[in-house]
Amino acid sequence: QVQLVESGGGLVQPGGSLRLSCAASGSIFSINVMAWYRQAPGKQRELVAIIRSDGSPTYADSVKGRFTISRDNAKNTVYLQMNSLKPEDTAVYSCNALIRSSRLDSWRGYWGQGTQVTVSS
């Protein structure tokens, strides 16, 4: 079994910063793409940022220049540094990872449980 556990959410004032972490554990042979998504109340889930196995990132236009995604392959962990936060960034943030549990297994997508980020004065 594979688990993804997020941490680092909370309440922050506009203009502030937060750093989210998502650690994968369990039966892991290899991790491909890792990503952060978010879902605000009454809205569809949207992709925030992805980072490929070679470390190359892609960002949603709404967070470019403010958020930075990174990963530590030795720790099977992906991070999301969020700066200059705005009220519209308020959402539940969830991580997703494409993982193989063994050399013979197929790639499977796994989700974390989500962490709340609230940006408010």
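Rules and cut-offs
- Residues numbered from 1 in each chain as written.
- Predicted model: local features only at pLDDT ≥ 70, side-chain atom pairs only at ≥ 80, totals over all residues.
- Heavy atoms only, no water.
- Helix = DSSP H or I, 4+ residues; strand = E, 2+ residues; numbered from the N terminus.
- Buried < 20%, exposed > 50% of the residue type's maximum accessible area, 1.4 Å probe, protein only.
- Contact = heavy atoms within 4.5 Å.
- Pairing = 2+ DSSP bridges.
- Polar contact = N/O pair within 3.5 Å; in protein donor to acceptor, adjacent residues only side chain to side chain.
- Salt bridge = Lys/Arg side-chain N within 4 Å of Asp/Glu carboxyl O.

Caption draft 1: Inspection of the environment of Leu98 at higher detail. Within the secondary structure, Leu98 sits in strand β9 (residues 91-100). For Leu98, a relative accessible area of 30% gives the class partly exposed. The spatial distance from the C-alpha of Leu98 to the C-alpha of Arg52 is 9.9 Å, given a sequence separation of 46 residues. Among residues more than four places away in sequence, those in contact with Leu98 are Ser30, Ile31, Asn32, Val33, Trp107, Arg108 and Gly109.

Caption draft 2: Region of the structure containing the pairing of strand β3 (residues 18-26). With six bridges connecting them, strand β1 (residues 2-7) and β3 associate as antiparallel partners. Across the sheet, the residue bridging to Val2 is Gly26, located in β3. Note that β3 and strand β8 (residues 77-82) share six bridges and pair antiparallel. Looking at the pairing, Ser21 lines up with Tyr79 of β8.

Caption draft 3: Broad picture of the side chain of Asn96. Along the chain, Asn96 turns up in strand β9. At 3.2 Å, the side chain of Asn96 and the backbone oxygen of Tyr110 are in polar contact. Contacts of Asn96, omitting those with residues within four sequence positions, involve Leu4, Val33, Met34, Ala35, Tyr37, Gly109, Tyr110 and Trp111.

Caption draft 4: Molecular detail of the pairing of β9. The element β9 is largely enclosed, with a buried count of seven among its 10 residues. As judged from the eight bridges shared by strand β4 (residues 30-39) and β9, these two strands associate in the antiparallel manner. What sits directly across from Arg38, in β9, is Tyr93. Where β9 lies against strand β11 (residues 115-119), three bridges are found, and the strand directions are antiparallel. The residue bridging Tyr93 from the neighbouring strand is Thr115, located in β11. Of the strand pairs in this sheet, β9 and strand β10 (residues 108-111) are connected by four bridges, and their pairing is antiparallel. Considered in β10, the bridge of Leu98 is made with Gly109.

Caption draft 5: Molecular detail of the pattern of salt bridges. According to the stated counting rule, one finds four salt bridges in the structure shown. The closest approach of N and O atoms between Asp89 and Arg38, which form a salt bridge, is 2.9 Å. With Asp89 in the loop between β8 and β9 and Arg38 in strand β4, the pair connects residues that are 51 residues apart, well separated along the chain. A relative accessible area of 6% means that Arg38 is categorised as buried. Across the pair Lys64 and Asp61 runs a salt bridge whose closest N-O atoms are separated by 3.1 Å.

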